[in-house]
Amino acid sequence: MSPVRVRFAPSPTGFFHIGSARTALFNWLYARHTGGTFILRIEDTDTARNSEEFLNVIYDSLKWLGLTWDEGPGVGGNFGPYRQSERAHIYREYLEKLKAAGRTYEKDGATWFKLIGDRHEVYDEHRQKTVTKVKTAPMVIEDAIRGRVERIEDEDFVIVRSDGNPVFHLVNVVDDIDMQITHVIRGEDHLSNSSKHVALFEAFGVKPPIFAHIPLILKQNGPGKMSKRDQGALIEEYQKRGYLPEALVNFICLLGWNPGGDREKLPISEIVSLFDLPAVNQSNARFDDKKMAHMNMLYLLALPPAEFTAKARAYFAAQNMNTGEATEEYFAAVMALAQPKIKGFEELPAYTAYFWSETYPTDEKAKAKALGKGDPKARLAELAERLLTADLSSDASVEAAIKALAEERGLGFGDYQGVARIATTGLSAGPSITSLFRLLGRERVIARLERFAATLG
Ligand code: GLU
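Reading the values: the criteria
- Residues numbered from 1 in each chain as written.
- Predicted model: local features only at pLDDT ≥ 70, side-chain atom pairs only at ≥ 80, totals over all residues.
- Heavy atoms only, no water.
- Axes fitted to C-alpha atoms, helices over the stretch in contact; angles between N-to-C directions.
- Helix = DSSP H or I, 4+ residues; strand = E, 2+ residues; numbered from the N terminus.
- Parallel < 35°, antiparallel > 145°, perpendicular 65-115°, else oblique.
- Left-handed = near helix turned anticlockwise from the far one by under 90°.
- Contact = heavy atoms within 4.5 Å.
- Salt bridge = Lys/Arg side-chain N within 4 Å of Asp/Glu carboxyl O.
- Buried < 20%, exposed > 50% of the residue type's maximum accessible area, 1.4 Å probe, protein only.
- Phe/Tyr/Trp six-rings, centres within 6.5 Å; stacked < 30°, edge-to-face > 60°.
- Pairing = 2+ DSSP bridges.
- Core = buried A, V, L, I, M, F, W, Y, C linked by side-chain atoms within 4.5 Å.

**Description of the packing of helix H7 (residues 245-253) against helix H9 (residues 289-302)**
Then comes step 1: As a packed pair, H7 and H9 sit with axes 9 Å apart at the nearest point and diverge in direction by 135°. Accordingly, the angle class assigned to the pair H7 and H9 is oblique. Here the hand of the crossing between H7 and H9 comes out right-handed. Within the contact between the two elements, H7 uses Glu-246, Ala-247, Leu-248, Asn-250 and Phe-251 and H9 uses Lys-291, Met-292, Met-295, Asn-296 and Tyr-299.

**Some words on the pattern of salt bridges**
Then comes step 1: Applying the stated criterion across every chain, the model contains 34 salt bridges.
Then comes step 2: Between Asp-230 and Lys-219 there is a salt bridge, with the nearest N and O atoms lying 3.2 Å from each other. Pair noted here: Asp-230 is in the loop between strand S12 (217-218) and helix H6 (235-240) and Lys-219 is in the loop between S12 and H6, with a separation of eleven residues, a long-range link.
Then comes step 3: For Asp-230, a relative accessible area of 21% corresponds to the partly exposed category.

**A word on the packing of aromatic side chains**
How two aromatic rings sit relative to each other is given by the distance of their centres and the angle of their planes.
Then comes step 1: According to the stated counting rule, one finds 20 aromatic pairs in the structure shown.
Then comes step 2: Relative to Phe-275, the ring of Phe-26 lies with its centre 5.0 Å away and its plane at 55°, an arrangement referred to as tilted. Within this pair, whereas Phe-26 is found in helix H1 (residues 18-34), its partner Phe-275 is found in the loop between helix H8 (268-274) and strand S13 (285-286), the two being separated by 249 residues in sequence.
Then comes step 3: Since its relative accessible area comes to 0%, Phe-26 is described here as buried.
Then comes step 4: Here the aromatic rings of Trp-257 and Phe-275 are separated by 5.7 Å at their centres, their planes lie at 45°, and the arrangement is tilted. One end of the pair, Trp-257, is in the loop between H7 and H8; the other, Phe-275, is in the loop between H8 and S13, and 18 residues separate them in sequence.
Then comes step 5: Exposure remark for Trp-257: the relative accessible area of 2% places this residue in the buried category.
Then comes step 6: An aromatic cluster is present here, built from Phe-316, Tyr-330, Phe-331, Tyr-354, Phe-355, Trp-356 and Tyr-360 joined pairwise through their rings.

**Focus: the sheet that holds strand S9 (residues 157-160)**
Then comes step 1: As summarised here, the arrangement of the three strands in space is S3-S4-S9, forming an open sheet in which the pairing is antiparallel. Taken across any chain shown, the strands that pair with only one partner, and hence form the sheet edges, are strand S3 (104-107) and S9. Across the sheet, the mean angle separating the axes of adjacent strands is 45° when strand polarity is ignored.

**Quick look at the nonpolar core**
Then comes step 1: With 105 residues, the main nonpolar core has Phe-355 and Phe-437 as its most contacted residues.
Then comes step 2: Among the elements that line this core, the one with the most residues is H1, at nine residues.
Then comes step 3: Not counting residues within four places of it along the chain, the set of residues in contact with Phe-355 comprises Tyr-330, Val-334, Leu-337, Pro-431, Leu-436, Leu-439, Leu-440 and Arg-444.
Then comes step 4: By size, the runner-up hydrophobic cluster in this structure holds 32 residues, among which are Ile-90, Tyr-94, Ile-159 and Leu-200.

Listed below in structure tokens is the structure:
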């Protein structure tokens, strides 16, 4: 077998979405698994629908996901150029070969590809015209995921439009031949094109590559394929939301592939060694944003604290989040509390707001609930008084102080905790009250308790 050469061949006609990312990833994984070459080819012949903006999103997203290419725009290679818009001379050359072999004809200003087989005319009611049907042998697609697929191609098709632009089928096949692609790994929506492609490969006298058509990604809710417009579809958005790219890559791998057993979180090196095309599922995968968020949480939990803190800093900077007077040490201490509790960096601003400023929102429902029993005003006053002298240097010492107070009053820890939390954070949940007091410090906690008590009338 010749060394594996695979390509990811996006058309820059829209934002980069989960489906494209998965196709890129499966190609990349297969190249890395086999020690082959991963090529990026830009299918930008549809000038009316292409844009440089979308192209840059493709480059950025691939780099962010870590899917570096061995040949393609920016890195070069022996089979370039790698943008179809720069390969017109190559398409002309290949077209001449088809012409010379008698496999084309001109009609209505366009160039058509001629199938081989018996021809007869039939009247097509739907289009209301006479068409020529060709009785060909079935086209055989050797598909590494679906097995052997046979499809009938029974009508000639256009390969160069009347405006002189070559059609997708032609340029796609020419490039796969010219770039010596061994495996075509792409979305199942292209399966219906592959019989045309096989017919073209045969006309060029080239053995078709091995195909691998990846099943669809279904919408989270309801039937049908996930589209770019669906919630959670765009890669760029995960980037903006502070998702970890390695978590996203791991999640996307599982859309249509599984490593066996019930393992889900795997380092990329292990995915590379386990990944293979026959192991890709034949059935469709369903997108699940909760699963995605959970995967991100697992990766966040596994980060060394210093790395979590550095990434959180970068996220805060990107969001223009103001952390007030926070020192590096204080910021890191707050992050140590947040790391085990959040699913994604996007939760951080709300989760930590009260650590940076004295103005933070109060959850009114939670407030009503916390104030609903006992004598909250008395509890706040008792606590504020006790904190004047209590040792707040560790969680244990804070806990001991609150417990001692509760015991003296014949109450429980919880009688102080709920009301103290709403008073000092505005929320009903968060880090332990002992950590909160330790970090916020005596002055701030007492001031908040008193300020809150004053609003109770
Ligand atoms: N340019 C095609 C697309 O974006 C890719 C076709 C292929 O991979 O063969 O869907």
